[in-house]
Amino acid sequence: MSARPDLAAELTAPQPFSGEEIAQALEGAAGDDEAALRRRLRRLRQRVLARTMARDLDGRADLAEVCGVMSELAEQAIGCALAWAGRPDLVVVAMGKLGGRELNVSSDIDLVFLHPEDGDQERLERAGRKLISLLQDISEDGFVFRVDMRLRPYGASGPLVASYDALENYFVSQGREWERYAWIKARAITATDHASLSAITRPFVYRKYLDYATLAAMRRLHTEVRKDVERRERADDVKLGPGGIREIEFVAQALQLIRGGRDPALTARPTLEVLELLADRRMLPATAVRELCAAYVFLRNLEHRLQYLDDAQTHLLPSDEDDRRRVARMMDFPDWDALRAALQAHREAVTRQFRAVFAQSAEETELPWPEHARAVQLRGGQRYAQLPEDSRRRVDRLVPLLAKAAQATPDPEATLARGIDLIEAVARRAAYLALLAENPQALERVARIIGASPWAAGYVTRHPLLMDELLDDRMLYAPPDWAGFEQPLRAALAAAGEDTERQMNLLREHHQSQVFRLLAQDLAGLLTVEKLADQLSELADRVLGVALGAAWREVKNRHCELPRFAVIGYGKLGGKELGYASDLDMVFLFDDADPRAEENYIRLAQRYNNWLSANTASGTLFETDLALRPSGSKGLLVSSLAGFEAYQEKSAWVWEHQALTRARCCAGDREIGAKFEAIRVKILTRERGPAALAKEVLAMRERMHAAHPNRSGLFDLKHDRGGMIDIEFAVQYLVLSQACRHPALTGNLGNIALLGIAADLDLLERDLAARCQSAYREFRRMQHALRLQGERYARVAPAQAATHAQAVRALWAAVFPQRRGG
């Protein structure tokens, strides 16, 4: 220290070594000769290490500071040396710890050299070799960083610098599973055009689907690492040994690989940040994450103290007693035994959590093939025969497990048949087979849900991505968090950039996931039909709002940032009575004086309807019906608010006013929504002649009845006389005929509430209203149950509905006396 007073000063420096200080120390490097540059870099490294080590050992620096400072030094040293070598356009990709800004105090740096174009290969490689030499050659001042280039394409035998095209071709033709793991933390730290590089590396590392097959691959990789550790007798290696740093990284990165392609936030690089994200998403229990984070910090701090002994990249616990005492003191333990006990506790915790994630899969479970007709048919079919060997092996193990799980359902035979349909449908996608193989509890939940409802079985078979929802009961049965639903959806759409197809698929997948959670809660008896309809309607509103913003951003030459445009829901959407497969009846309104408005909003309406109804790889979002707009199919897709008001005042049919009783603004400009509501109330409270009105309503009811003939001998809960439509028409007649005197009837509150209001106003006998409320509830419940069982029509034995139908006929007679009997 006497020869280097600047180093002595670093030991008591009050602040961390900042990026600004490092940059200041490198100022003027461009004018250095090579010897001066080498000296400048090495002496800077000595200063940074001295200060950082001192701050670390006396408790002033935490792990984040230590790793952050060393990573900043490496990045600036690389940039400085590369600029001096005359090739600042060489793209240096930091891998491993440097990629995650988690660099050790005495770590190698893993680098890959790239260039966007083929360029002058010889000059690029010469610059790369010079960079390596400037960093790692040892002089009287030591070295800056040891450089490891073995992670480049083709390893040590490959060219030192690869073009982007060469990298992409390598990934496609030669990329191995362990290289996906290696490239998780990859980060370009020099030059530009990082976006093009990301477009190459991201699809290689992260799959678009849920990649559970990666667990088996990482199990194999970990087994190889363990064998190597045992062969080299390195059980005391805090990085590679049992319960070491590498196992924590394996846990984090395995779960990243599984879901990172679908959740951009999970492509984060720092290990601790990834673990916290996994806890937020309930992919790991909070207790597990706390244990892993505590162990990671402990092990990394210990790793640094091992390296402080000799400034060497070591991870082995010392055997020398003096070194052991020094390490124990540096770790704030009274002696080696106390340190060893704490280390053992952390390693046991890591091993426990590692085994929980990489537990034995269903692939390793042997059960006999079931003697079921559908199972025999599957194994003898062409689809099975054409599967890759790995997929056939998974099917061979999954079907017996499914048969076992089906035994716990009410109809095991039906459950197994539906489950085999599902397995056959997804068999060509190895990721879905791997999901079930790696998660036996998900297979049990699949059996439970498909066993309860053939409709649910069909829904999962059409959208197998939903099986991911079965991994966590807490998420599956949690009440909807609408802000928590909408915010990640908007973030995912933003991350998709201008890829419209990807955005449309994301919208569908997020919607399907939430529908599936509601379906699971419905089948578990946690939701009434009314509550389910409320939740499905709220979900539709949220999705409609997000889709509207996305569609508007696609309108070229749009004249404003936010469209003065509103989505008006009618029918089941408007009345908040949506079912799982309900169409959306909608009308689009705008209120905008800009001369470009109508043309832009017509374009918006066209794009928006396509966003909602197009059949993409992820299916259809909603079936839409725009026929209720002014003038129906002959009218424009969008109407000005003034034009809509004029139409309702002067041209609308009575049935269109009936439809207004269940209309509301679902998405878009809320000011337009408020104005629409004022128009709606004004139309509904208009004075109407009861006789003429009754004639129109009855005529429309007869037309609807004639359009739905029923010769089955069963009672149609919706269309037959005494059914749900009779209740709806009676209520609509009461609203249109009485709202001029009783404005309370204009509320879009649903048929059950309006029947109660009509009784309060003495428009109906209270007992009759109550019986019809019960009838409507029960009809909806029975209709819903039949839909879940896959029935095409909501029809039951007449005796099953007789009491309720009689109440509805009494309502009809009370509202339309002498007009139509039972």
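Please read these numbers as outputs of a predicted model, since none were measured by experiment.

**Re the overall build of the protein chain**
- When its secondary structure is counted, the protein chain shows 36 helices and 12 strands.
- Per-residue burial for the protein chain yields a buried fraction of 55% across its 822 residues.
- Contacts spanning at least 24 positions in sequence make up 74% of the contacts within the protein chain whose residues lie at least 6 apart.
- A distance of 4 Å separates the average location of the 112 positive side-chain charges in the protein chain from that of its 116 negative side-chain charges.

**Observations concerning the pairing of strand E1 (residues 91-94)**
- Side-chain alternation along E1 places Val91 and Val93 on one buried face and Val92 and Ala94 on a second face that is also buried.
- Two elements, E1 and strand E5 (residues 187-188), share 2 bridges in a ladder whose sense is antiparallel. Note on E5: the bridge partner recorded for Val93 is Ala188.

**Section: the packing of helix H26 (residues 529-553) against helix H28 (residues 597-613)**
- For the pair H26 and H28, interaxial distance at closest approach is 9 Å and the crossing angle is 125°. On the basis of their axis angle, the class for H26 and H28 is oblique. Note on packing geometry: the crossing formed by H26 with H28 is right-handed. Facing H26, whose interface residues are Leu544, Ala547, Leu548, Ala550, Ala551 and Trp552, H28 presents Asn600, Tyr601, Leu604, Arg607, Tyr608, Trp611 and Leu612.
- Among the residues forming the contact of H26 with H28, the class breakdown is 11 nonpolar, 1 polar and 1 charged.

**Topic: the pairing of strand E2 (residues 109-115)**
- With 6 of 7 residues buried, E2 lies mostly within the body of the structure.
- Alignment of E1 against E2, held across 4 bridges, turns out to be antiparallel. Counterpart to Val92 in the pairing with E2 is Phe113.
- Pairing of E2 with strand E3 (residues 147-148), which is carried by 2 bridges, proceeds in the parallel orientation. The residue of E3 that forms the bridge with Asp110 is Asp148.
- For the crossover from E2 across helix H6 (residues 121-136) to E3, the handedness is right-handed.

**As for the environment of Asp411**
- Position of Asp411 relative to the elements: it lies in the loop between helix H18 (389-406) and helix H19 (412-426).
- When the C-alpha atoms of Asp411 and Ala524 are compared, they prove to be 16 Å apart, with 113 residues separating the residues in sequence.

**Notes on the nonpolar core**
- Ile109, Phe113, Trp183, Leu302, Val395 and Met467 are the most contacted members of the largest nonpolar core, which totals 203 residues.
- Among the nonpolar cores identified, the runner-up in size contains 61 residues, and Met700, Val731, Leu764 and Ala769 belong to it.

**Some details on the packing of aromatic side chains**
- Here the structure, examined in full by the defined rule, presents 19 aromatic pairs.
- Arranged with centres 5.3 Å apart and planes meeting at 85°, the rings of Phe171 and Trp183 form a pair that is edge-to-face. Of the two residues, Phe171 sits in helix H7 (residues 164-173) while Trp183 sits in the loop between helix H8 (177-182) and E5, which places them 12 residues apart along the sequence. When sorted by exposure, Phe171 lands in the same class as Trp183, which is buried.
- Geometrically, the ring pair formed by Trp455 and Tyr580 is stacked, given 5.1 Å between the ring centres and 25° between the ring planes. Of this pair, Trp455 sits in helix H22 (residues 454-462) while Tyr580 sits in the loop between helix H27 (571-574) and strand E7 (584-590), and the two are 125 residues apart along the sequence.
- Site record: aromatic cluster; members linked through ring pairs are Trp552, Phe565, Phe588, Phe590, Tyr601 and Tyr608.
- Taking NZ or CZ as reference, Arg379 lies 4.1 Å from the ring centre of Trp369, over its face.

**Some details on a negative patch on the surface**
- Taken together, the side chains of Glu117, Asp118, Asp165, Glu168 and Asp193 present a region of like negative charge at the surface.
- Secondary-structure assignment places Glu168 in helix H7.

Rules used throughout
Residues numbered from 1 in each chain as written. Predicted model: local features only at pLDDT ≥ 70, side-chain atom pairs only at ≥ 80, totals over all residues. Heavy atoms only, no water. Helix = DSSP H or I, 4+ residues; strand = E, 2+ residues; numbered from the N terminus. Buried < 20%, exposed > 50% of the residue type's maximum accessible area, 1.4 Å probe, protein only. Contact = heavy atoms within 4.5 Å. Lys, Arg positive; Asp, Glu negative; His and termini not counted. Charge placed at Lys NZ, Arg CZ, Asp CG, Glu CD. Pairing = 2+ DSSP bridges. Axes fitted to C-alpha atoms, helices over the stretch in contact; angles between N-to-C directions. Parallel < 35°, antiparallel > 145°, perpendicular 65-115°, else oblique. Left-handed = near helix turned anticlockwise from the far one by under 90°. Nonpolar A, V, L, I, M, F, W, Y, C, P; charged D, E, K, R; others polar. Right-handed = clockwise from strand over helix to strand, strands pointing away. Core = buried A, V, L, I, M, F, W, Y, C linked by side-chain atoms within 4.5 Å. Phe/Tyr/Trp six-rings, centres within 6.5 Å; stacked < 30°, edge-to-face > 60°. Lys NZ or Arg CZ within 6 Å of the ring centre and 35° of its normal. Patch = residues over 30% accessible without salt bridge, like charges linked within 9 Å, V, L, I, M, F, W, Y side chains within 5 Å. Areas by Shrake-Rupley, 256 points an atom, 1.4 Å probe, with all protein chains shown as cover. Salt bridge = Lys/Arg side-chain N within 4 Å of Asp/Glu carboxyl O.

Purely geometric stuff here, so don't read any function into it on its own.
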